[in-house]
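Residue-level listing of the chains:
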Amino acid sequence: MKIIAIGDNVVDYYKHQNKIYPGGNALNVAVLCKRLNVEYSSYIGILGNDMAAAHIIDVLEKEKVDFSRIRQGYGENGMAVVSLDEHGDRVFIGSNKGGIQSRLGIRLTPEDYSFIEKHDLLHTSVYSNIEHVLPDLKYAVAISFDFSTQTNEDYLEKVCPYVQYAFFSGSHLTEEECRVLMHKAYRLGSKVVCITRGADGVLLYNGEKVYRQSVIPTDVIDTLGAGDSFIAGFLVSYMAESSIEKALRNGAANASETCKNYGAFGYGLDYFPKNEPAVQ
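Here the residue numbering is sequential within each chain, running from 1 through the sequence in written order. Whole-chain, interface and lining totals are the exception, using all residues; otherwise, since this is a predicted model, local features are given only for residues with pLDDT of at least 70 and side-chain atom pairs are given and counted only at 80 or more. Hydrogens and water molecules were not included; the side-chain quantities draw on all heavy atoms of the structure.

A.B. asks: Can you lay out helix α1 (residues 25–35) for me, pointing to particular residues and giving the numbers?
C.D. replies: With a 1.4 Å probe rolled over the protein chains alone, any residue whose accessible area is under 20% of its type maximum counts as buried; one over 50% counts as exposed, and the rest are partly exposed. Strands are runs of DSSP state E lasting at least 2 residues, helices are runs of H or I lasting at least 4, and numbering of each runs from the N terminus. The element α1 is largely enclosed, with a buried count of 10 among its 11 residues. Here α1 has its buried residues at Asn25, Ala26, Leu27, Asn28, Val29, Ala30, Val31, Leu32, Cys33 and Lys34. Downstream of α1 by one or two residues, Asn37 has phi in the positive range, about 70°.

A.B. asks: Explain the packing of helix α8 (residues 226–241) against helix α9 (residues 244–258) to me, and be specific about the residues and the numbers.
C.D. replies: The angle between two axes is taken between their N-to-C directions and runs from 0 to 180 degrees, where each axis is a line fitted to C-alpha atoms and a helix contributes only its stretch in contact. The geometry of α8 relative to α9 is characterised by a closest axis approach of 7 Å and an angle of 150° between their N-to-C directions. Relative to α9, the crossing made by α8 is right-handed. Between α8 and α9, the residues in contact are Ala226, Ser229, Phe230, Ala232, Gly233, Phe234, Ser237, Tyr238 and Glu241 and Ile244, Lys246, Ala247, Leu248, Asn250, Gly251, Ala252, Asn254, Ala255 and Thr258, respectively. Taken together, the residues that form the contact of α8 with α9 break down as 10 nonpolar, seven polar and two charged. By convention the crossing between two helices is left-handed if the near helix lies anticlockwise of the far one by an angle smaller than a right angle, and right-handed if it lies clockwise. Residues are treated as being in contact if the distance between any of their heavy atoms lies within 4.5 Å. Any residue outside Ala, Val, Leu, Ile, Met, Phe, Trp, Tyr, Cys, Pro, Asp, Glu, Lys and Arg is labelled polar, Gly included; the first ten of those are nonpolar and the last four are charged.

A.B. asks: Please give an account of the state of the cysteines that cites residues and values.
C.D. replies: By definition, disulfides here are pairs of cysteine sulfur atoms that lie within 2.5 Å. Tallied over the entire structure, the rule returns zero disulfides. Cysteine Cys178 is unpaired, with the sulfur of Cys194 as its nearest cysteine sulfur at 10 Å. Between Cys259, a free cysteine, and Cys194, which holds the nearest cysteine sulfur, the sulfur-to-sulfur gap is 15 Å.

A.B. asks: Tell me what's going on with unusual backbone geometry, and back it up with residues and numbers.
C.D. replies: Even without glycine at this site, Asn129 takes up a positive phi of about 60°. Considering the arrangement of structural elements, one finds Asn129 in the loop between β9 (121–125) and α5 (134–137). Its identity as a non-glycine residue notwithstanding, Ser148 has a phi of 55°, on the positive side. Within the secondary structure layout, Ser148 lies in strand β10 (residues 142–148). What makes Ser148 buried here is its relative accessible area of 12%.

A.B. asks: Give a description of the pairing of β9 that names residues and reports values.
C.D. replies: Here β9 lies mainly inside the structure; five of its five residues are buried. The alternating pattern of β9 places Leu121, His123 and Ser125 and Leu122 and Thr124 on opposite faces, both of which are buried. When strand β1 (residues 2–6) meets β9, the two strands line up parallel, connected through three bridges. Looking at β9, one finds that Ile4 is bridged to Leu122. The sheet contact formed by β9 and β10 spans five bridges and is parallel. Paired with Thr124 across the bridge in β10 is Phe145. In this analysis, strands are considered paired if DSSP registers two or more bridges between them.

A.B. asks: Just give me the short version of the nonpolar core, but keep the residues and values in it.
C.D. replies: Residues Tyr43 and Phe234 are the most contacted members of the largest nonpolar core, which totals 55 residues. Broken down by element, this core gets its largest block of residues, eight residues, from α8. Each residue touching Phe234, except ones within four places of it in the same chain, is listed here: Tyr165, Phe167, Val192, Leu204, Ile244, Ala247, Leu248 and Gly251. One finds Ile100, Tyr113, Phe145 and Phe168 within the second-largest nonpolar core, a separate group that totals 36 residues. Put simply, buried Ala, Val, Leu, Ile, Met, Phe, Trp, Tyr and Cys residues joined by side-chain atoms within 4.5 Å make one nonpolar core.

A.B. asks: Describe the pattern of salt bridges, and please don't skip the residues or the numbers.
C.D. replies: The term salt bridge refers to a side-chain nitrogen of Lys or Arg lying within 4 Å of a carboxyl oxygen of Asp or Glu. What the rule picks out here adds up to 10 salt bridges. Across the pair Arg35 and Glu63 runs a salt bridge, and its minimum N-O distance is 2.9 Å. In this pair, Arg35 sits in helix α1 while Glu63 sits in the loop between α2 (51–62) and β6 (71–72), placing the two residues 28 residues apart along the sequence. In this structure Arg35 comes out as partly exposed when scored by relative accessible area, which is 39%. Judged by its relative accessible area of 12%, Glu63 falls in the buried class. Taking the shortest distance from any N to any O, the salt bridge between Glu175 and Arg212 comes out at 2.3 Å. Of this pair, Glu175 sits in helix α7 (residues 175–187) while Arg212 sits in strand β14 (residues 210–213), and the two are 37 residues apart along the sequence. When its relative accessible area of 52% is taken as the criterion, Arg212 is described as exposed.

Below is the structure:
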């Protein structure tokens, strides 16, 4: 199995620890899939040329994720400022809006498409700004997409026809609202629609029935990255065995393990900025 993730990367700056952790939905999924022993995992994105970018490159090397087609620009890498509440739930205080990646935007070349076609699955997200190339990518590879909390109807119509696996964050939605959303995304073209709901578990619709998966109890230290871990665990399992029930269990188990550690997948690095990061 070969998986590629394209799009967002950041470092998550934990102010109370004075540490940065590598993150971002697309980058997290690439690393977490590799940790689940997929044959090959790669990542395409835009990094800056600062300390944060250097840390991400170092981590990708250690995790054996292919980043041979990344871009680097002159400027700051994406950074999010994070805090944790008393339950270990992550709270985003602000960010630099994706840093250099959001200002440049990823432009895929013919060589990129040739590289992408060698993979079985591509994962990307609402934070990656590559919606405009999804119609072309659909003919190259199956696509997984994390919508986060984006449920705007115009946006769904723009993206759902081109993605096979649609993931949403829906802890703020009622179950009925989740069901309406799942059916809508399915009608628009997504074949598997999954909504993670925090402590309320997961709902999934595949055009035939609605599946449920409860959270797996664990000693929670930090919930950051749990949703991305669920996505990685689900995708790797489902693509290997085509069992929705087993893939949901494996996704939940993977998310549970992530909650036991700080950051999406560890690698905290001391960070003492001379000035508070410019966040909005």
